[in-house]
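For reference, the chains in residue letters:
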Amino acid sequence: DLRGAATHLRPRGIAILGAALIFASAGFLSPGALAKLAFGLISLVLGAAAAWTLYRCWRADRDNRGTLRAVAALVGHDPVPMVLTGDDLALLYANDAAREAFGIGGEVSLPALLEGEIANAPAVLHDMDATAQARGATRRVLSGGDGRLMLSVHRAGAGLCLWRVDGHGDPPAASAD
């Protein structure tokens, strides 16, 4: 998945570009024609590899921005808290209701966000994430400190999941006694 790898590949692409520049400089400073040719070819190959890597990173960033705009247009004003997560359940987007309900600020993960809401949040959320990645979607009704909480998750692309948190902040249901 190149989207998630873009952050890891960009520094490597820059390092490869630096190596290409070093080989080009060495070729320019070399006295022999064969050395100039060798260094020049190496710098061209490295430069092409760096250009391709950085181009793919740029494309991945552009695709991610497009995905975030589409999710914001779809669920931005939904009255139910909804969040988009990436690798390791890191929050990439939270709609207005989620920001208001959970007081989201800065970089946070979904397990950290729901830690006080459900028991063993990291294990439950990672299990749901794996199920959604394999099957496309899943949902669970969980008991929380404030009552029932229904979590729905849908695969939203390679490594992305869209979560809906129903019941957060709702009063506990009255017993039927």
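So, how was this worked out
- Counting starts from 1 at the beginning of each chain's written sequence and moves along it residue by residue.
- Local features in this predicted model are restricted to residues whose pLDDT is 70 or higher, and side-chain atom pairs enter the listing and the counts only when it is 80 or higher, whereas totals over whole chains, interfaces and linings include all residues.
- To obtain the side-chain values, all non-hydrogen atoms of the structure were used and water was disregarded.
- Labels follow the DSSP assignment, with helices taken as runs of H or I lasting at least four residues and strands as runs of E lasting at least two, numbered in each case from the N terminus.
- Relative accessible area decides the class of each residue, using a 1.4 Å probe on protein chains only: under 20% of the type maximum gives buried, over 50% gives exposed, and in between gives partly exposed.
- Contact criterion: two residues are considered in contact whenever any of their non-hydrogen atoms come within 4.5 Å of each other.
- Any two rings among Phe, Tyr and Trp, with Trp reduced to its six-membered ring, count as a pair given centres within 6.5 Å; such a pair is stacked if its planes are under 30 degrees apart, edge-to-face if over 60, and tilted if neither.
- Any Lys NZ or Arg CZ found within 6 Å of a ring centre and within 35 degrees of that ring's normal is scored as a charge over the ring.

**Focus on the side chain of T53**
If you trace the backbone, T53 turns up in helix α2 (residues 33–75). What makes T53 buried here is its relative accessible area of 17%. What T53 contacts, discounting residues up to four positions off in sequence, is L9 and G13.

**A short note on the packing of aromatic side chains**
On inspection of all chains with the given rule, the structure shows 3 aromatic pairs. For the ring pair F23 and F39, a centre distance of 5.8 Å and an interplane angle of 45° mean the geometry is tilted. With F23 in helix α1 (residues 2–29) and F39 in helix α2, the pair connects residues that are 16 residues apart, well separated along the chain. When its relative accessible area of 28% is taken as the criterion, F23 is described as partly exposed. Judged by centre distance (5.7 Å) and plane angle (40°), the ring pair of W52 and Y55 falls under tilted. A residue pair is termed a helical-turn pair when its members lie 3 or 4 positions apart in one helix, as W52 and Y55 do in helix α2 at 3 residues. W52 gets classed as exposed once you look at its relative accessible area, which sits at 54%. What links up through ring pairs into an aromatic cluster is the set W52, Y55 and W58. Sitting over the face of the ring of F28, K36 holds its NZ or CZ atom 5.9 Å from the ring centroid.

Everything listed here is a matter of coordinates, which is why it stays silent on function.
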